[in-house]
Number of protein chains: 2
Amino acid sequence: MVTIRTATDTDRDAIWKIFCEVGAPGDTYAFDPKISREDALAYWFRADTRTYVAEKDREIVGTYVLRPNQPGGGAHVANAAFMVAVHARGKGVGRAMGEHSLSEASCFGFRAMQFNFVVSTNESALRLWKQLKFKIVGTLPGAFRHPTKEYVDVYVMFRSLMDD
Amino acid sequence: MVTIRTATDTDRDAIWKIFCEVGAPGDTYAFDPKISREDALAYWFRADTRTYVAEKDREIVGTYVLRPNQPGGGAHVANAAFMVAVHARGKGVGRAMGEHSLSEASCFGFRAMQFNFVVSTNESALRLWKQLKFKIVGTLPGAFRHPTKEYVDVYVMFRSLMDD
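Quick notes on the rules
Residues numbered from 1 in each chain as written. Chains lettered and ligands numbered in written order. Predicted model: local features only at pLDDT ≥ 70, side-chain atom pairs only at ≥ 80, totals over all residues. Heavy atoms only, no water. Contact = heavy atoms within 4.5 Å. Buried area = accessible area lost by both parts, 1.4 Å probe. Salt bridge = Lys/Arg side-chain N within 4 Å of Asp/Glu carboxyl O. Polar contact = N/O pair within 3.5 Å; in protein donor to acceptor, adjacent residues only side chain to side chain. Helix = DSSP H or I, 4+ residues; strand = E, 2+ residues; numbered from the N terminus. Nonpolar A, V, L, I, M, F, W, Y, C, P; charged D, E, K, R; others polar. Least-squares fit on C-alpha atoms with pLDDT ≥ 70 in both. Pairing = 2+ DSSP bridges. Buried < 20%, exposed > 50% of the residue type's maximum accessible area, 1.4 Å probe, protein only. Phe/Tyr/Trp six-rings, centres within 6.5 Å; stacked < 30°, edge-to-face > 60°. Arc of directions from axis to C-beta.

Visitor: Explain the interface of chain B and chain A to me, and be specific about the residues and the numbers.
Guide: Facing the 26 residues of chain B at the interface are 26 residues of chain A. Around 1,900 Å² of area is buried between chain B and chain A when both sides are counted, 64% of it from carbon and sulfur atoms. Applying the counting rule to chain B against chain A returns zero salt bridges. For the pair chain B and chain A, the number of links is six residue pairs in polar contact (both at pLDDT 80 or more). Top element by residues in the side of chain B that touches chain A is strand β6 (residues 135-146) of chain B. It accounts for nine residues. In terms of residue class, the side of chain B that touches chain A is made up of 14 nonpolar, nine polar and three charged.

Right under this line is the structure:
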């Protein structure tokens, strides 16, 4: 059973731990591998951002952020980013956070959600987002340097929130 | 004759003036219309960003920025953003800055350039980027709220720098 709630300052240690774990292999996200704890948490708790954590058996096993993908005339489209602790993968944590983010985004009045950078080799993410009705609306040729596969394509994914 | 050079602190007034002019109509860029001078200039002179100005007859008539579009595994793709003073439009300032940015990006070792948010109704921008060999690689449905045309599509545009 996964519970999702708004993150607080006391979650910062757990979030940073997941950040390091997820970022270290460098195979799914475009993170600066040398990012400091301070900069990472500042980004994850940015003023325009809502930050959530997923708990399972009282342990924080995932975190996600929700925010406008663009300011001004683009602020009706949400963006979200997700991280799941390595030992908690394959247990529905990502799906629970994905569904929660769509519901939250809809509540806050966003009309759509966009992912700017889904690495094409990240099959579990692609499968999940397709199941949650996201479509690939763009392909960025060779836009991610994978640690073992070299330059691989990246997808832009998009989902309306107006059809539900 | 347009000259392009690296921006300095003494260009900040001129850049802010162009920022306001370009942002005010709200029909081409996703800017926060209430952005402060301080925040706008902090964004335009961000640590990971190279900032340029275009001069014509000793007056600053345009400005652009060049930076990695993503950190880490995405940092080989450049992003750039351009603004031309209203009274200097249609005189090749945008094209001069566009060509300059491609040359600079190539010099700095970027492998490609990506624009994340080209509003589909911004015909002069689209024409210019197509002339400079950018391709539309993604379409974001209704992702920009135009002040008079309501929700219009936005293009993601991409150009390799390896074929030149």
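Visitor: With reference to specific residues and values, describe the relation of the copies chain B and chain A.
Guide: For the pair chain B and chain A, the superposition axis carries a translation of 0.0 Å, the fit reaches an RMSD of 0.0 Å, and the rotation angle comes to 180°. Here the transformation between the copies is reduced to the relation of a two-fold axis. Distance from the rotation axis, computed per C-alpha, reaches its smallest value in chain B at Gly138 of chain B: 1.8 Å. An overlap of 100% is found between the interface residues of chain B and their copies at the interface of chain A, pointing to a shared contact surface.

Visitor: Quick one: what's the story with the pairing of strand β6 (residues 135-146) of chain A, residue by residue and with numbers?
Guide: All names here are of chain A. Relative to strand β7 (residues 150-160), β6 is paired through eight bridges, and the arrangement is antiparallel. Residue pairing for β7: Ile136 is matched across the bridge by Met157. The turn linking β6 back onto β7 is made up of three residues.

Visitor: Run through the environment of Glu104 of chain B, naming residues and quoting values.
Guide: Residues and elements named next belong to chain B. Examined against the element boundaries, Glu104 turns out to sit in helix α3 (residues 93-107). Residue class for Glu104 comes out buried when judged on its relative accessible area of 18%. In this structure the C-alpha to C-alpha distance between Glu104 and His76, which are 28 residues apart in sequence, comes to 13 Å. Residues contacting Glu104, with those up to four places away along its chain left out, are Tyr52, Tyr64 and Leu66.

Visitor: Just give me the short version of the packing of aromatic side chains, but keep the residues and values in it.
Guide: Tallied over the full model, the rule gives 26 aromatic pairs over all chains. Seen from their ring centres, Tyr29 of chain B and Phe31 of chain B are 5.3 Å apart, and the 15° between their planes marks the pair as stacked. You can call Phe31 of chain B buried: its relative accessible area is 16%. For the pair Phe82 of chain B and Trp129 of chain B, a centre-to-centre distance of 4.9 Å together with 45° between the ring planes defines the contact as tilted. In this pair, Phe82 of chain B sits in strand β4 (residues 77-84) while Trp129 of chain B sits in helix α4 (residues 123-131), placing the two residues 47 residues apart along the sequence. An aromatic cluster is built from Trp16, Phe19, Tyr29, Phe31, Tyr43 and Trp44 of chain A, whose rings are joined through pairwise contacts.

Visitor: Describe the pairing of strand β3 (residues 59-68) of chain B, listing the residues and the values that go with them.
Guide: Side-chain positions along a regular strand alternate between the two faces of the sheet. Residue and element names in this part refer to chain B. Counting buried residues in β3 gives eight out of 10 residues, a clear majority hidden from the surface. Sheet analysis places strand β2 (residues 50-56) next to β3, joined by seven bridges and oriented antiparallel. Within β3, the residue paired with Val53 across the bridge is Thr63. Between the antiparallel neighbours β2 and β3 lie two residues, among them Asp57 with a positive phi of about 50°. Here β3 runs beside β4; their pairing, made up of seven bridges, is antiparallel. Bridge pairing in β4 places Arg67 opposite Asn79.

Visitor: Pulling in residues and values, what's your account of α4 of chain B?
Guide: All names here are of chain B. Ala125, Leu126, Leu128 and Trp129 are the residues of α4 that are buried. Burial along α4 is one-sided: seen end-on, the buried residues are contained in an arc of 165°. Those residues of α4 hidden inside the fold are in contact with β4, α3, β5 (112-119), β6 and β7 (150-160). A positive backbone phi angle near 75° is found at Lys133, which sits one or two residues after α4.

Visitor: Explain the pattern of salt bridges to me, using residue names and the numbers behind them.
Guide: Close approach of charged atoms allows side chains with opposite charge to pair. This structure, assessed with the given rule, holds 14 salt bridges over all chains. Arg5 of chain B serves as the salt-bridge partner of Asp11 of chain B, at 2.9 Å between the closest nitrogen and oxygen. Through salt bridges with shared partners, a single ionic network connects Arg5, Asp11 and Glu55 of chain A.

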